Amino acid sequence: EAGVAQSPRYKIIEKRQSVAFWCNPISGHATLYWYQQILGQGPKLLIQFQNNGVVDDSQLPKDRFSAERLKGVDSTLKIQPAKLEDSAVYLCASSPTGDEQYFGPGTRLTVT
Amino acid sequence: RKEVEQDPGPFNVPEGATVAFNCTYSNSASQSFFWYRQDCRKEPKLLMSVYSSGNEDGRFTAQLNRASQYISLLIRDSKLSDSATYLCAVSSSSASKIIFGSGTRLSIRP
């Protein structure tokens with residue numbers, strides 16, 4: 001079974017630029033999550049989708065971050081404009097039940 | 001107080017030793033509990049779910065103490081390959097937000 005796919009794997013941008021990340025969850029998984037993981041910390045949930053509806057986006061900085069889940073499958077996360085403190089690994093995860101989660105390899109973002 | 005707290009470690013133990021970590025949670029309504037393993041510069045991977053009755057998978061044992069609001073992970077006969085960061089995760093119900101701790105770093109020495 002194919003795992004969660006993410007791209008790009010690495011991205012370096014300057015502050016105030018914009019960036020987008022893509023995620024393709026495991027086939028059939030209804031729930032999709034985007035996490036931000038800063039070095040030395042655990043993953044922090046940014047947004048959770050159930051099919052193509054948003055379940056929780058309470059920790060998403062909506063002034064600069066946006067996310068969508070097209071047709072309940074793939075998802076994109078966008079940052080515009082980026083700040084230095086956005087440097088982190090952005091992890092996408094999916095779940096068939098909303099409990100056990102399967103993570104993609106992540107996108108390592110460096111903002112200079 | 002953080003919703004999910006872990007001792008960051010690092011725990012540095014010799015190969016073959018037994019090591020245990022705890023993870024405390026603040027929401028008494030929490031219902032689902034998990035341990036994830038994260039290798040350096042890799043994504044977290046589910047190690048095991050934690051059930052009320054406790055559960056064991058080979059050298060790994062997870063337990064839940066609802067009265068004191070913590071979960072534990074015990075690793076017996078530790079191997080060099082067990083070196084990683086162990087993250088606990090808690091959610092209040094199925095399909096609700098899962099909150100991760102900051103992780104406990106474990107280093108096994110020969």
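Residues numbered from 1 in each chain as written. Chains lettered and ligands numbered in written order. Predicted model: local features only at pLDDT ≥ 70, side-chain atom pairs only at ≥ 80, totals over all residues. Heavy atoms only, no water.

S.K.: Would you take a moment to explain the side chain of Ser-49 of chain B for this structure?
M.R.: By the element assignment, Ser-49 of chain B lies in strand β5 (residues 45-50). A polar contact of 3.1 Å, which involves the side chain of Ser-49 of chain B, links it to the side chain of Glu-100 of chain A. For Ser-49 of chain B, the contacting residues outside a window of four places in its chain are Glu-100 of chain A together with Phe-33, Phe-34 and Asn-55 of chain B. (Helix = DSSP H or I, 4+ residues; strand = E, 2+ residues; numbered from the N terminus. Polar contact = N/O pair within 3.5 Å; in protein donor to acceptor, adjacent residues only side chain to side chain. Contact = heavy atoms within 4.5 Å.)

S.K.: Just checking my understanding: could you explain the interface of chain B and chain A for this structure?
M.R.: The accessible area lost on association of the parts is a frequent measure of interface size. In this complex, chain B contributes 20 residues to the contact, which on the side of chain A involves 22 residues. Between chain B and chain A, roughly 1,600 Å² of surface is buried when both sides are summed, and carbon and sulfur atoms account for 48% of that area. Between the two partners, chain B and chain A, sit zero salt bridges. Those elements that place two or more of their residues in the side of chain B that touches chain A are β4 (32-38), β5, β9 (84-91) and β10 (98-100) of chain B. (Buried area = accessible area lost by both parts, 1.4 Å probe. Salt bridge = Lys/Arg side-chain N within 4 Å of Asp/Glu carboxyl O.)

S.K.: How should the sheet that holds strand β1 (residues 5-7) of chain A be read in this particular structure?
M.R.: Strand pairs in the sheet, formed through backbone hydrogen bonds, run parallel or antiparallel to each other. Residues and elements named next belong to chain A. Strand order across the open sheet formed by four strands is β1-β3-β8-β7, with antiparallel pairing between neighbours. Each edge of the sheet is formed by a strand with only one pairing partner; in this case those strands are β1 and β7 (65-69). With strand direction ignored, the average angle separating the axes of adjacent strands in the sheet is 15°. (Pairing = 2+ DSSP bridges. Axes fitted to C-alpha atoms, helices over the stretch in contact; angles between N-to-C directions.)

S.K.: In this structure, what is going on with the pairing of strand β3 (residues 19-25) of chain B? I would like to understand it.
M.R.: The side chains of a regular strand alternate, residue by residue, between the two faces of the sheet. All names here are of chain B. Because side chains alternate across β3, one face comprises the buried residues Val-19, Phe-21, Cys-23 and Tyr-25, and the other comprises Ala-20, Asn-22 and Thr-24, none of which is buried. Of the pairings in the sheet, the one linking strand β1 (residues 4-6) to β3 comprises three bridges and is antiparallel in character. The partner of Glu-5 across the bridge, within β3, is Thr-24. By the bridge criterion, six bridges tie β3 to strand β8 (residues 70-75) in an arrangement that is antiparallel. Directly across from Ala-20, in β8, lies its bridge partner Leu-74. (Buried < 20%, exposed > 50% of the residue type's maximum accessible area, 1.4 Å probe, protein only.)

Honestly, that's just the spatial picture; any functional story needs more than this.
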